[in-house]
Amino acid sequence: MGRMSNPVPTAVILHQLLSPGCIQLELTSTTREAVLEELVAHIPQLAARPEARHKLLQALLEREHLHSTGIGDGIALPHAREALADVVDEPVLVFGRHAGGIAYNAVDGKPVRLFFLLLAPSITQHLAMLARISRLLRNEALRKALLAAATPAEVIAHLRDAEARM
C-alpha cells in the first residue's frame, strides 16, 4: 500500500509486469496493424472495455505512422506517444513472439519477431519502461533466449534473470 502514496516508482521491474496471460508465443498476424490488435487483445484489464481497447489501438497506430517502433534486431516496442491514464491505472507489458517475423518498417529493415507492448498511466512510468526494456534487449543472449522460450514462465524467468544482472 505504501507504493500507492508515492506517484513516482523508484524502479520499474519489467518481469513483475508480465503474467502468462500477457504473453503470446505464437502470434499469427501478418501485418503490423493486425499484430498490434493481437497484442492489445492480450491485456486482461481491457477485456471487458472495448472503448479502451479501441483508444489504445488508435494511439498505437498513430505512433507507428509517425515513426516505427521497430528498433532493429527483430524487436519492436509498440507504445503510444503519451501515457494513457484513462486506459490503464498501472503499467502494462505484453510480450508477443512471431515465428517467421513480419515486415514492420523497422529501422534496420529486418522482420520483427519479438514484440513488447508497453502501456503506462504516467509519462514517468512510460519512459522508465521504455528505457529499461531498451537496455535489456541490447543483450543478444536475452534476445536468443526469448526466441527459444517454450513457455510463458520461461519468458518471465529470462527477463527476471536479465534484470537481476543489470
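Up top you'll find the structure we're talking about.
Residues numbered from 1 in each chain as written. Predicted model: local features only at pLDDT ≥ 70, side-chain atom pairs only at ≥ 80, totals over all residues. Heavy atoms only, no water.

Enquirer: Kindly report on the sheet that holds strand β1 (residues 23-24), identifying the contributing residues and their values.
Expert: Sheet strands pair via backbone hydrogen bonds, and the direction of the pair is either parallel or antiparallel. Ordered by their spatial adjacency, five strands build an open sheet running β1-β4-β5-β3-β2, and the pairing between neighbours is mixed. This sheet does not close on itself; its edge strands, each paired only once, are β1 and β2 (70-72). Pairing of β1 with strand β4 (residues 92-102) involves two bridges; the strand directions are parallel. If you follow Q24 over to β4, its bridge partner there is G96. The strands touched by helix α5 (residues 123-136) are β4 and β5 (112-119); relative to β5, the strand with the most contacts, the crossing angle is about 155 degrees. (Pairing = 2+ DSSP bridges. Helix = DSSP H or I, 4+ residues; strand = E, 2+ residues; numbered from the N terminus. Contact = heavy atoms within 4.5 Å. Axes fitted to C-alpha atoms, helices over the stretch in contact; angles between N-to-C directions.)

Enquirer: Quick one: what's the story with the environment of A83, residue by residue and with numbers?
Expert: Looking at the element boundaries, A83 is found in the loop between β3 (75-76) and β4. With twelve residues separating them in the primary sequence, A83 and I71 have C-alpha atoms 20 Å apart. With residues up to four places along the chain from it excluded, the contact list for A83 reads A120, P121, S122 and I123.

Enquirer: Before we move on, could you go through the nonpolar core and cite the residues and values that matter?
Expert: Of all hydrophobic cores here, the largest spans 53 residues; its most connected members are L18, L56, F95, F115, F116, L119 and I133. With seven residues, the single largest contributor to this core is β5. Apart from the residues lying within four places of it in its own chain, the contact partners of L18 are I23, L93, V94, F95, V155, I156 and L159. (Core = buried A, V, L, I, M, F, W, Y, C linked by side-chain atoms within 4.5 Å. Buried < 20%, exposed > 50% of the residue type's maximum accessible area, 1.4 Å probe, protein only.)

Enquirer: Can you tell me about the packing of helix α6 (residues 140-148) against helix α7 (residues 152-164), naming the residues and giving the values?
Expert: Viewed as axis vectors pointing N to C, α6 and α7 meet at an angle of 170 degrees, and their least axial separation amounts to 9 Å. The angle between α6 and α7 falls in the class roughly antiparallel. Of α7, the residues touching α6 (which contributes L142, A145, L146 and A148) are E154, V155, H158, L159 and A162. Looking at the contact of α6 with α7, its residues break down into seven nonpolar, one polar and one charged. (Parallel < 35°, antiparallel > 145°, perpendicular 65-115°, else oblique. Nonpolar A, V, L, I, M, F, W, Y, C, P; charged D, E, K, R; others polar.)

Enquirer: Break down the packing of aromatic side chains for me, with residues and values.
Expert: Taken as a whole and assessed by the stated rule, the structure comprises two aromatic pairs. Judged by centre distance (4.9 Å) and plane angle (50 degrees), the ring pair of F95 and F116 falls under tilted. In this pair, F95 sits in strand β4 while F116 sits in strand β5, placing the two residues 21 residues apart along the sequence. Accessibility classification places F95 together with F116 in one group, the buried group. (Phe/Tyr/Trp six-rings, centres within 6.5 Å; stacked < 30°, edge-to-face > 60°.)

Enquirer: Let's hear about the pairing of β4: which residues, and what values?
Expert: Regular strands have side chains that alternate between both faces of the sheet. Among the eleven residues in β4, nine count as buried, and that is most of the element. In the sheet, β4 pairs with β5 via seven bridges, with the strands oriented antiparallel. Bridge pairing links R97 to L114 in β5.

Enquirer: Can you break down the packing of α5 against α7 residue by residue, with the values?
Expert: Relative to each other, α5 and α7 sit at 95 degrees, their axes nearing to 10 Å. Between α5 and α7, the angle is such that the two are roughly perpendicular. Residue-level contacts link R132, I133 and L136 of α5 to L159, A162 and E163 of α7. The class makeup of the residues in the contact of α5 with α7 is four nonpolar, no polar and two charged.

Enquirer: Tell me what's going on with α6, and back it up with residues and numbers.
Expert: Since the α-helix advances by 3.6 residues per turn, residues separated by three or four positions end up pointing in the same direction. For α6, the full list of buried residues reads L142, R143, A145 and L146. Down the axis of α6, the buried set is contained in an arc of 165 degrees. They therefore lie on one face. Set apart from the buried face of α6 by more than 90 degrees, the exposed residues are A141, K144 and A148. Of the surrounding elements, those touching the buried residues of α6 are β3, β4, β5, α5 and α7. By the N-cap criterion, in which a side-chain oxygen at the helix start approaches the backbone nitrogen of a residue two or three places on, α6 is capped by N139, the distance to A141 being 2.8 Å. (Arc of directions from axis to C-beta. Polar contact = N/O pair within 3.5 Å; in protein donor to acceptor, adjacent residues only side chain to side chain.)

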